[in-house]
Amino acid sequence: MARTRLTPERESELYAAVLDLLREVGYDALTMDAVAARTRSSKATLYRQWGSKPELVVKALRHNKPVSLEEIDTGSLRGDFHAALSRNDDCQMEKDSALMRGLSHAVHENPDLYQALRDLLIEPEMTGLDLLLRRAVDRGEVRPDNPALKYVPHMLIGAFAARQLVEDRSVDQAFLNDYVDSVVFPALGV
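Source: prediction; values computed, not measured.

**What about the nonpolar core?**
Reasoning step 1: Residues Leu22, Val57, Leu61 and Leu113 are the most contacted members of the largest nonpolar core, which totals 28 residues.
Reasoning step 2: When residues in this core are grouped by element, the largest group, 7 residues, is from helix 1 (residues 8-29).
Reasoning step 3: Once residues within four sequence positions are removed from consideration, Val57 is found in contact with Val18, Leu22, Tyr27, Leu30 and Leu103.

If you want it as structure tokens, here you go:
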């Protein structure tokens, strides 16, 4: 049976409800029944449209992302990074950080969630980041043999994880811009 297409508005509404529920109850307590009740839809519709809870959750997270890294090309690595960072406001970053902290525990208990996150969110982001870095190498901004190139994702993820642990503060634009300028660019020789 073919999937009936939801309108983009209805899809956005469903994704927003999923993320709200995720923030309220966490991944483990989030059920398709709860999503169906919150969105006034049937559980059968949800399963027909998304197939599983992990896929629904990850697609909601991906839908929530303001921009794909692949779409950014300012002509310089510094410009690309700062353009990417400016697309998220501090309030959204705080909400996203809280969501990811909540999911980081669930990932260990749910291999299907981990796989959906890798396939639908992490891999596309890594591909976009690779493209940004490859363009910087092609432009001569970063040496192709720079050993820090392969650690850029680790540095960025580390910034998110460490801020909360070290300072008990959420990540915001000012912190990330300073971090990129102070840590990432010097490591890349930019």
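After that view of the structure, there is still more to cover.
**Digging into the packing of helix 2 (residues 32-39) against helix 3 (residues 43-50)**
Reasoning step 1: The contact between helix 2 and helix 3 brings their axes to 9 Å, and the two run at 110°. Comparing their axes, helix 3 and helix 2 come out roughly perpendicular. Seen from helix 2, the contacting residues are Met32, Asp33, Val35 and Ala36; seen from helix 3, they are Lys43, Leu46 and Tyr47.
Reasoning step 2: Considered class by class, the residues forming the contact of helix 2 with helix 3 number 5 nonpolar, no polar and 2 charged.

**Overview of the environment of Glu11**
Reasoning step 1: Looking at the secondary structure, you find Glu11 in helix 1.
Reasoning step 2: We classify Glu11 as buried; its relative accessible area is 18%.
Reasoning step 3: Spatially, the C-alpha atoms of Glu11 and Ala60 are 9.0 Å apart, while their sequence positions differ by 49 residues.
Reasoning step 4: Dropping the residues within four chain positions of it, Glu11 is found in contact with Arg5, Leu6 and Trp50.

**Digging into the confidence of the model for the chain**
Reasoning step 1: For the chain, mean pLDDT is 88; residues scoring 70 or higher make up 97% of the total.
Reasoning step 2: Confidence, expressed as mean pLDDT per element, reaches its minimum in the chain at helix 6 (residues 90-109) with 78 and its maximum at helix 9 (residues 173-188) with 95.

**So, the side chain of Arg135**
Reasoning step 1: By the element assignment, Arg135 lies in helix 7 (residues 111-138).
Reasoning step 2: For Arg135, a relative accessible area of 17% translates into the label buried.
Reasoning step 3: A distance of 2.4 Å separates the side chain of Arg135 from the backbone oxygen of Ile72, its partner in a polar contact.
Reasoning step 4: In contact with Arg135, not counting residues within four places along its chain, are Glu70, Ile72, Asp73 and Asp80.

**Here we look at the pattern of salt bridges**
Reasoning step 1: Taken as a whole, this structure holds 17 salt bridges when the rule is applied.
Reasoning step 2: Notably, a salt bridge pairs Arg139 with Glu141, separated by 2.7 Å at the nearest N-O pair.
Reasoning step 3: The partner of Arg163 in a salt bridge is Glu167, with the nearest N and O atoms 3.2 Å apart. Of this pair, Arg163 and Glu167 both sit in helix 8 (residues 152-167), 4 residues apart, which is roughly one turn of that helix.
Reasoning step 4: One connected set of salt bridges, linked through shared partners, spans Asp73, Asp80, Arg135, Arg139 and Glu141.

Thresholds, definitions, all that
Residues numbered from 1 in each chain as written. Predicted model: local features only at pLDDT ≥ 70, side-chain atom pairs only at ≥ 80, totals over all residues. Heavy atoms only, no water. Core = buried A, V, L, I, M, F, W, Y, C linked by side-chain atoms within 4.5 Å. Buried < 20%, exposed > 50% of the residue type's maximum accessible area, 1.4 Å probe, protein only. Helix = DSSP H or I, 4+ residues; strand = E, 2+ residues; numbered from the N terminus. Contact = heavy atoms within 4.5 Å. Axes fitted to C-alpha atoms, helices over the stretch in contact; angles between N-to-C directions. Parallel < 35°, antiparallel > 145°, perpendicular 65-115°, else oblique. Nonpolar A, V, L, I, M, F, W, Y, C, P; charged D, E, K, R; others polar. pLDDT = per-residue confidence, 0-100. Polar contact = N/O pair within 3.5 Å; in protein donor to acceptor, adjacent residues only side chain to side chain. Salt bridge = Lys/Arg side-chain N within 4 Å of Asp/Glu carboxyl O.

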